[in-house]
Amino acid sequence: MNQSDAVRTLLPKFRIVAAAGLMLGAGCSPKLHPVGGEFIRLGMPEPDLSRYRSPQDRPGQDPDLAVAMAISGGGARSYNYAFGILQALEADALLREIDYYSAVSGGCFAPAAYFAAQALHRQQGGAGFRLSGPEAAWIREALAHNYEWPVARAWLSPRFWFSRLNAGDALERDLHRTLLRGQPLTLGHCYRPPDSPAPAPYPVLLANATLYQPVGLFPFTPDLLDTFQVSGYTHQLRRIRQDTPIDPYSLPLSVAIRASGTFPVAIPNAVLRSVRDPEYPYLQLFDGGAADNLGHRTAIRVLAQDPAPRKVLLVVDADGISLPSTYSRRPWTLPPKVYWDLALTGINAQRTARRRDIEWQCEALGITPVFLSFDAWLEGHPATMEESVRLRPLRRELIRQLSEPGAALSMRERVLLCRAINAVPTRYRISPADQELLILAAHALVQLKAHELRAAMGQ
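Quantities reported herein were computed from a predicted structural model and do not represent experimental measurements.

Q: Sorry, what's going on with the overall build of the chain here?
A: When helices and strands are tallied, the chain shows 19 helices and 10 strands. Relative to its 459 residues, the chain shows a buried fraction of 51%. Sequence separation of 24 or more characterises 78% of the internal contacts of the chain that already satisfy a separation of 6 or more. Summing over all exposed atoms, the chain offers an accessible surface of approximately 22,300 Å²; the carbon and sulfur share of this is 56%.

Here it is in C-alpha cells:
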C-alpha cells in the first residue's frame, strides 16, 4: 500500500473518531446557561430613566435642555483631554448644564475626579466651587498619577498569587484613594429614586463596561444592577458578599470605573457576584471599549428617554484620528504585533464610520451633536502632513502658542497639533508636558467651538 492509499484508508476513520469526540463532548457539556439565553433572546437590558429623579431637578438646571457628554476611552490621553474640556466649558458657563456623562475606560476618570473635588470642597465647608479654583491643582495631580504602578506591583505580589484578588482590584483601591481622594462616592451620588425628597447632588455618570457572556454593553446603573441581582463585589481589596441583592445605590463609583477600564490581559477582568442564577453566580466584566469605545450609544439612549424638548450630545473623542496605511511594506507581520492588533480590532473597526453614524442617530432623535474631538481641529480638511518633525520641540512650541491668549492656529499648525496629541500614549500614566498639551488643546478647541456650543444650548 502506497502513501496515498494509506491516507485514503485512514481518513474516514479519523473523521469517525472526530465526530464521536464532538458528540461525546456535547453529551458531557452542562445545561445551557439560562441567564445568558434569556438576554440573547430578549436583548441586553438598558438604563431606564423612569427609575430615577431627573438630573434637571438639581438647582440651577434648565428643565427644557438635556445635555449628555460622551467621553471615549484612551487612558491618560482621554481623561486629561476631557478635564481640559470640562474646565473650558465651565469658563463659558456651560458646564453646569451637563446632565449625563457616558464614559468608557479612562474617560470615566475626568468626571469622577470632578465629582470627588466637589465632594471634598463641600466637606470642607467651601462655597462657589470652580474647576479653575484651588481644587484644579489637585485634580491635575490625580490625573497625572501613575495608575500602572499598583497594577504592576500586584502582578509581582505573592498576596495576589494565592488569593481571589487580582491586579485589577489593586487598581480599584488606588482609584478610590487617589482619583476619588478617599471620598465615599457611590452610584447614589448620581442617581436617586423618583420618590426621593432631594435630587442627586451630581450629574448622572454612566461608566460603560463590557459584559463577557453574552458580550454586550454594561452601563453601571442601579436598575441594571437590580436586573442582574448583583450581590457582591470587591472594594479596597475586601470582598463584599451577601446572600441577597445589594442596595444598588450603594455600589462604590471606584468599582464601576475599574470595571470599565480593565484592558483585556493587561488588567484582569472585574467580577460581580449575582444571586440571579445559583449555578452561574458570576458576572465577568472588562473594558467598555470592546463594545463601544466612545460611550455615545449609552448617551444617545438616555437622551432619547429624557423628556426635555432640546437635547445636545457633546462628543469628546480622544481616540486616534488616523489609522495605519491600508498598504504594507512587507508581505508578513510578526505574530506579537498581530496579537496586539487583534486586541484592538473592535476599537479600530468602530472608528471608520463612527461620526457619520452618530450624526444619523442624532438627526433621527432630534439631538444636536457637537464634536469636541481630536478630529474637530481638521473638520473639512485632510489630516495630511508631508514633512517629518521632531516631537519634543514641536510639543514645546505648541504649548507656547496655546498658552497665549486668543491663540489662532493655521491649518498646518492644526495638523501638527493633532499629530502631537494623537502621539500621546493611551496608558494610565502621562508626562507633565503631554498633560499640559492635552489640556491646552482642549481649552483652545472649546474656544474655537464657542459659537456652535452656545447655539446648540440655546444661549
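Q: What am I meant to see in the packing of aromatic side chains here?
A: Ring pairs (aromatic) are described by centroid distance and by the angle formed between their planes. Enumeration over the complete set of coordinates arrives at 14 aromatic pairs. Three or more aromatic residues joined by ring pairs make a cluster, and in this case those are Tyr 101, Tyr 114, Phe 115, Phe 129 and Tyr 202. Seen from the ring of Phe 371, Arg 355 lies directly overhead, with NZ or CZ sitting 4.0 Å from the centre.

Q: Sorry if this is basic, but what is going on with helix α8 (residues 167–179) here?
A: At 3.6 residues per turn, the α-helix brings residues three or four places apart onto the same side. In this model α8 runs 17 Å from its N-terminal to its C-terminal C-alpha over 13 residues, within 8% of the 18 Å that 1.5 Å per residue would give. Counting buried positions along α8 yields 11 of 13 residues, so the element is predominantly enclosed. By the burial criterion, the buried members of α8 are Ala 167, Gly 168, Asp 169, Ala 170, Leu 171, Glu 172, Asp 174, Leu 175, His 176, Thr 178 and Leu 179. The inward-facing, buried residues of α8 contact α4 (109–123), α5 (135–144), α6 (148–156), α7 (158–161), β5 (230–235) and α10 (253–260). The opening residue of α8 is Asn 166, an N-cap whose side-chain oxygen sits 2.9 Å from the backbone nitrogen of Gly 168.

Q: Just to check I follow, could you spell out the pattern of salt bridges for this structure?
A: Here the idea is simple: oppositely charged side chains can pair when their charged atoms come close. Per the counting criterion, the structure on display carries 16 salt bridges. In this structure, Asp 62 and Arg 310 form a salt bridge, with 3.0 Å as the shortest nitrogen-oxygen distance. You can see Asp 62 sitting in the loop between α2 (34–42) and β1 (65–71) and its partner Arg 310 sitting in strand β9 (residues 310–316), a full 248 residues away along the chain. With a relative accessible area of 31%, Arg 310 lands in the partly exposed category. Residues joined in a network through salt bridges with shared partners are Glu 148, Arg 427 and Arg 429.

Q: I'm lost on the environment of Arg 96 in this one. Help?
A: Along the chain, the position of Arg 96 falls in the loop between α3 (75–91) and β2 (98–104). Once residues within four sequence positions are removed from consideration, Arg 96 is found in contact with Arg 58, Gly 60 and Gln 61. Within the structure, Arg 96 has its side chain in polar contact with the backbone oxygen of Ala 93 (distance 3.4 Å).

Q: Mind showing me how you'd approach the confidence of the model for the chain here?
A: Scored by pLDDT, the chain has a mean of 86; 82% of the residues are at 70 or more. Residue range residues 6–29 is modelled with pLDDT below 50. Its contacts to residues more than four positions away, or to other chains, number 2 contacts.

Q: I tried to follow the packing of α8 against α10 on my own but got confused; where do I start?
A: Between two packed helices, what matters for the description is the angle formed by their axes and the separation of those axes. For the pair α8 and α10, interaxial distance at closest approach is 9 Å and the crossing angle is 130°. By the angle class used here, α8 and α10 are oblique. When the axes of α8 and α10 are compared, the crossing they make is right-handed. Contact with α8, carried on its side by Gly 168, Asp 169, Glu 172, Leu 175, His 176 and Leu 179, involves Ser 254, Val 255, Ile 257 and Arg 258 of α10 and no other residues of that element. Of the residues assigned to the contact of α8 with α10, the class counts are 4 nonpolar, 3 polar and 3 charged.

Q: Just to check I follow, could you spell out the pairing of β2 for this structure?
A: Within a regular strand, side chains alternate between the sheet's two faces. Counting buried positions along β2 gives 7 out of 7 residues, so the element sits mostly inside the fold. By the bridge criterion, 5 bridges tie β1 to β2 in an arrangement that is parallel. Counterpart to Met 69 in the pairing with β2 is Tyr 101. Assessed by its sense of winding, the connection that carries the chain from β1 through α3 to β2 is right-handed. Here β2 pairs with strand β3 (residues 204–211) via 5 bridges, running parallel. Note on β3: the bridge partner recorded for Ala 103 is Ala 207.

Q: Quick question: what am I supposed to make of the environment of Leu 402 here?
A: Along the chain, the position of Leu 402 falls in helix α16 (residues 391–403). Using a relative accessible area of 9% as the deciding quantity, one classes Leu 402 as buried. Considered as a pair, Leu 402 and Ala 441 are 39 residues apart in the sequence and their alpha carbons are 7.0 Å apart. Not counting chain neighbours up to four residues away, the residues in contact with Leu 402 comprise Ala 407, Leu 409, Leu 417, Leu 437, Leu 440, Ala 441 and Ala 444.

Q: Just to check I follow, could you spell out unusual backbone geometry for this structure?
A: Peptide bonds are mostly trans, and most non-glycine residues show a negative phi. You will see that Gln 229, though not glycine, has its phi angle at about 50°, which is positive. For Gln 229, the location among the structural elements is in the loop between α9 (222–227) and β5. Judged by relative accessible area, Gln 229 falls into the partly exposed class, the value being 28%. The phi dihedral of Gln 236 falls on the positive side, at around 50°, and the residue is not glycine. Take Gln 236: it is sitting in the loop between β5 and β6 (238–241). On the basis of relative accessibility, which here comes to 29%, the residue Gln 236 falls in the partly exposed class.

Definitions and limits used
Residues numbered from 1 in each chain as written. Predicted model: local features only at pLDDT ≥ 70, side-chain atom pairs only at ≥ 80, totals over all residues. Heavy atoms only, no water. Helix = DSSP H or I, 4+ residues; strand = E, 2+ residues; numbered from the N terminus. Buried < 20%, exposed > 50% of the residue type's maximum accessible area, 1.4 Å probe, protein only. Contact = heavy atoms within 4.5 Å. Areas by Shrake-Rupley, 256 points an atom, 1.4 Å probe, with all protein chains shown as cover. Phe/Tyr/Trp six-rings, centres within 6.5 Å; stacked < 30°, edge-to-face > 60°. Lys NZ or Arg CZ within 6 Å of the ring centre and 35° of its normal. Expected span 1.5 Å × (residues − 1). Polar contact = N/O pair within 3.5 Å; in protein donor to acceptor, adjacent residues only side chain to side chain. Salt bridge = Lys/Arg side-chain N within 4 Å of Asp/Glu carboxyl O. pLDDT = per-residue confidence, 0-100. Axes fitted to C-alpha atoms, helices over the stretch in contact; angles between N-to-C directions. Parallel < 35°, antiparallel > 145°, perpendicular 65-115°, else oblique. Left-handed = near helix turned anticlockwise from the far one by under 90°. Nonpolar A, V, L, I, M, F, W, Y, C, P; charged D, E, K, R; others polar. Pairing = 2+ DSSP bridges. Right-handed = clockwise from strand over helix to strand, strands pointing away.

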